[in-house]
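Now for the letters of each chain:
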Amino acid sequence: MQRNRIKDERITGEVQKLLSHSYGILFAGFMVSIIVKAFVLQWDMKYWLDSFLIVMAGGAYFTFRSIRAGLFLLPDKPGEVKRLKKRNLISGAVAAVFWAVWMFSDDLREGSKMDVTQSVISTMAGAVIFFIGCTGLQWLMIKRSNKHADEGQE
């Protein structure tokens, strides 16, 4: 015979916080492991693809469930929304610059003779696409999350 236990909200909250922290530690550990294996040690993909797929599956699950639950919400105040948009654009631009530097340095390390102009143009075009994709995807996720949050209130 099972006893019905009373669940204190503080205990439940603390358990959720610990689970969240442990997931973050695992996620960061997997990411560091993948980066080291792929870019530092330059292992063949077959040696780290499974870890990469596990990280992507966990991240995708968390993101889609958070969107369906309406957890990515816009702030209530118009000034806060403007600040969020500005932060989103700045972080997208910084990420695009890092991506461009990474891609251009990868072209330089190839060792074969390269056309610098073509490499710069293709890297810049890729950075613009990366920027638009990142910022657009973030806004799409927030808008969908807001839509699901509003549906939950009805």
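The model shown is predicted, which means the values in this text are computed figures rather than measured ones.

1. Observations concerning the layout of surface pockets
Working step 1: Estimated volume of the largest pocket: approximately 280 Å³.
Working step 2: Looking at the largest pocket, the residues that line it are Phe 27, Val 55, Met 56, Gly 59, Ala 60, Phe 62, Thr 63, Phe 64, Phe 72 and Met 141.
Working step 3: Counting residues per element, the lining of the largest pocket draws most heavily on helix α2 (residues 49-69), which supplies seven residues.
Working step 4: Each residue belonging to the lining of the largest pocket can be placed in one class, and the counts come to eight nonpolar, two polar and no charged.

2. Some details on the packing of helix α1 (residues 9-40) against α2
Working step 1: Packing of α1 against α2 brings their axes to within 9 Å, and their N-to-C directions diverge by 145°. Helix-helix and strand crossings are classified by hand; for α1 and α2 the assignment is left-handed. Contacts from Tyr 23, Phe 27, Phe 30, Met 31, Ile 34 and Lys 37 of α1 reach α2 at Ser 51, Phe 52, Ile 54, Val 55, Gly 58, Gly 59 and Phe 62.

Thresholds applied
The numbering scheme is per chain: residues are counted from 1 as the chain's sequence reads. pLDDT decides what is reported in this predicted model: residues at 70 or higher carry local features, side-chain atom pairs at 80 or more are listed and counted, and totals for whole chains, interfaces and linings draw on all residues regardless. Just so you know, side-chain values use all the structure's heavy atoms and leave hydrogens and water out. Lining residues are defined by having an atom within 4 Å of a point belonging to a cavity or pocket. Those points lie on a 1 Å grid over the protein atoms alone, cavities being sets where a 1.4 Å probe fits but cannot get out and pockets being open sets with protein on both sides within 12 Å along at least five of seven lines. Grid points are joined across faces, edges and corners, and a volume is the space filled by probe spheres set on the points. Every helix listed is a DSSP run of H or I at least four residues long, and every strand listed is a run of E at least two residues long, numbered separately from the N terminus. Ten residues, namely Ala, Val, Leu, Ile, Met, Phe, Trp, Tyr, Cys and Pro, are considered nonpolar, four, namely Asp, Glu, Lys and Arg, are considered charged, and the remaining ones, Gly among them, are considered polar. Fitting a line to C-alpha atoms yields each axis, with helices limited to the stretch in contact; the angle taken between N-to-C directions then spans 0 to 180 degrees. If you view the pair so one helix is near and one far, a crossing is left-handed when the near helix is turned anticlockwise from the far one by less than a right angle, and right-handed when it is turned clockwise. Throughout, a residue-residue contact means that at least one pair of heavy atoms, one from each residue, lies within 4.5 Å.

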